[in-house]
Amino acid sequence: MRELVIGAKIRPLLQILEAKRLYFALSRTPHGVIDLATPCLAALAVNGAFPPWWIVILGLVTAFSGYTAVYAINDIADYRIDRQRRLMMGAGGAGSLSGPRHDLDAVLMRHPLAEGALNLKQALLWAGLWSGIAVVGAAILNPVCLMLFVAGCVLEIVYCRLLKISAYRSLVSGVVKTIGAMAAVFAVDPDPPPLFLLNLFLFLFFWEIGGQNIPNDWSDIEEDRAIGAKTFPVQLGRHKSAIVVFCSVCLALIFQTMTFLSGRAPFPALSCVLALTAGVCLVLLPAIRLLISRDARAAMDLFNHGSYFPLSLLLIVVGTIVFR
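Residues numbered from 1 in each chain as written. Predicted model: local features only at pLDDT ≥ 70, side-chain atom pairs only at ≥ 80, totals over all residues. Heavy atoms only, no water.

A.B. asks: When you look at the overall build of the chain in this model, what are you seeing that I'm missing?
C.D. replies: Along the backbone of the chain there are 14 helices and 0 strands. Scored against the burial criterion, the 324 residues of the chain give a buried share of 53%. Considering only residue pairs separated by 6 or more positions, the chain has 78% of its internal contacts joining residues 24 or more positions apart. Total accessible area computed for the chain in this model is approximately 14600 Å², and 72% of it derives from carbon and sulfur atoms. (Helix = DSSP H or I, 4+ residues; strand = E, 2+ residues; numbered from the N terminus. Buried < 20%, exposed > 50% of the residue type's maximum accessible area, 1.4 Å probe, protein only. Contact = heavy atoms within 4.5 Å. Areas by Shrake-Rupley, 256 points an atom, 1.4 Å probe, with all protein chains shown as cover.)

Here's what the structure looks like:
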């Protein structure tokens, strides 16, 4: 009897936790939390110093809200396509509830909206809630941050709508990926160095193309071909796509180094060497393995390892500032 009473008390808590898991799965929160390293990196690198504590707290809340909202918008805009994938591939395929175990985006659940675990109204309310928090935070930090967030939401929808139109939608994804970092720069420095902004943009743009977007699409080649989607792996084939990935990663490492050297307080040579080493280990070597093997597992390894690249750079930047 006692076990039944305890079970009855715990059951509502478990239901609440399950509901939260579904919402955070919609926003790919495990990946989103890792992505927070990117705006943090940009905010610290531009001046080579920690901003005031209130900007740190407000910036983190705003960045988390923005990433949570944009990832949810992606799934909302794509949910019909994701549902079509699921129906075509079957419940046991790539569209299953658990998703591929090695896919960082599917740690909690892959596409809960398309799976029917959440309905459209719930998803829209969730995205609207976090968008509202992001709008308020961005407006307080800098009106430029607000404009960048709105632009990011619009471009994310454009990116999703181009799925069956052009493989060059990946370029839109590259731009979207830079927006959080660019906003973080303006949050701590209303008049940042133009060269730093340009290098930061190009670094993140090519990292997204070569280390995230194309490798992620690679694992869905058969599904995308079946539904008529146009991605680089589908349109160019594995060999040419691997070359694009390799070249993009090389450019990302070049512009990442230039980013470290073009802020108001250029980072010392040791920090640049450590950052370049992290890039070689996390994105360049996996890109070379993909270039050689051209298989889906190598592509997903690149995606997963590449996701941690900004975090590794953030740790180097923090260490440099602390011990400078």
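The structure having been displayed, the exposition proceeds.
A.B. asks: How should the nonpolar core be read in this particular structure?
C.D. replies: Here is a general trend for soluble globular proteins: nonpolar side chains tend to be buried in one another's company. Core analysis: the biggest nonpolar cluster contains 61 residues, and Leu200, Phe203, Phe260 and Phe309 have the highest contact counts within it. Here this core takes 12 residues from helix α9 (residues 194-218), the largest share from any one element. Ignoring sequence-local partners within four residues, the contact set of phenylalanine 203 consists of Leu41, Ala252, Phe255, Gln256, Thr259, Phe309 and Leu313. Membership of the second largest hydrophobic core comes to 20 residues, among which are Leu26, Leu118, Ala123 and Ala134. (Core = buried A, V, L, I, M, F, W, Y, C linked by side-chain atoms within 4.5 Å.)

A.B. asks: What is the right way to look at helix α8 (residues 169-188) in this model?
C.D. replies: Structurally, the α-helix is built with 3.6 residues per turn, so residues lying three or four positions apart point the same way. Here α8 spans 31 Å end to end across 20 residues, near enough to the 28 Å set by a 1.5 Å rise per residue. Remark: the principal bend of α8, roughly 30°, maps to isoleucine 179. Counting buried positions along α8 yields 17 of 20 residues, so the element is predominantly enclosed. (Expected span 1.5 Å × (residues − 1). Bend = angle between axes of the 7 residues up to and from the residue.)

A.B. asks: Just to check I follow, could you spell out the pattern of salt bridges for this structure?
C.D. replies: Pairing is possible between side chains that carry opposite charge, provided their charged atoms lie close to one another. Summed over the entire model, instances satisfying the criterion amount to 6 salt bridges. Two residues, arginine 225 and glutamate 222, come together in a salt bridge whose shortest N-O distance is 3.3 Å. Remark: glutamate 222 and arginine 225 occur in helix α10 (residues 221-227); sequence separation between them is 3 residues, near one turn of the helix. Residue class for arginine 225 comes out partly exposed when judged on its relative accessible area of 43%. Shared partners join several salt bridges into a network, and the residues in it are Asp35, Lys177 and Glu208. (Salt bridge = Lys/Arg side-chain N within 4 Å of Asp/Glu carboxyl O.)

A.B. asks: Is there a simple way to explain a nonpolar patch on the surface in this structure?
C.D. replies: On the surface, Trp53, Trp54, Val56, Ile57, Leu60, Val61, Leu129, Ile133, Val136 and Ile140 cluster together to form a nonpolar patch covering roughly 960 Å² of accessible area. Broken down by secondary-structure element, the contributors of at least two residues to the nonpolar patch are α4 (53-89) and α6 (120-141). In terms of residues, the nonpolar patch owes the most to one element, α4, which gives 6 residues. (Patch = residues over 30% accessible without salt bridge, like charges linked within 9 Å, V, L, I, M, F, W, Y side chains within 5 Å.)

So, to be careful, I would describe these as geometric facts and stop short of saying anything about function.
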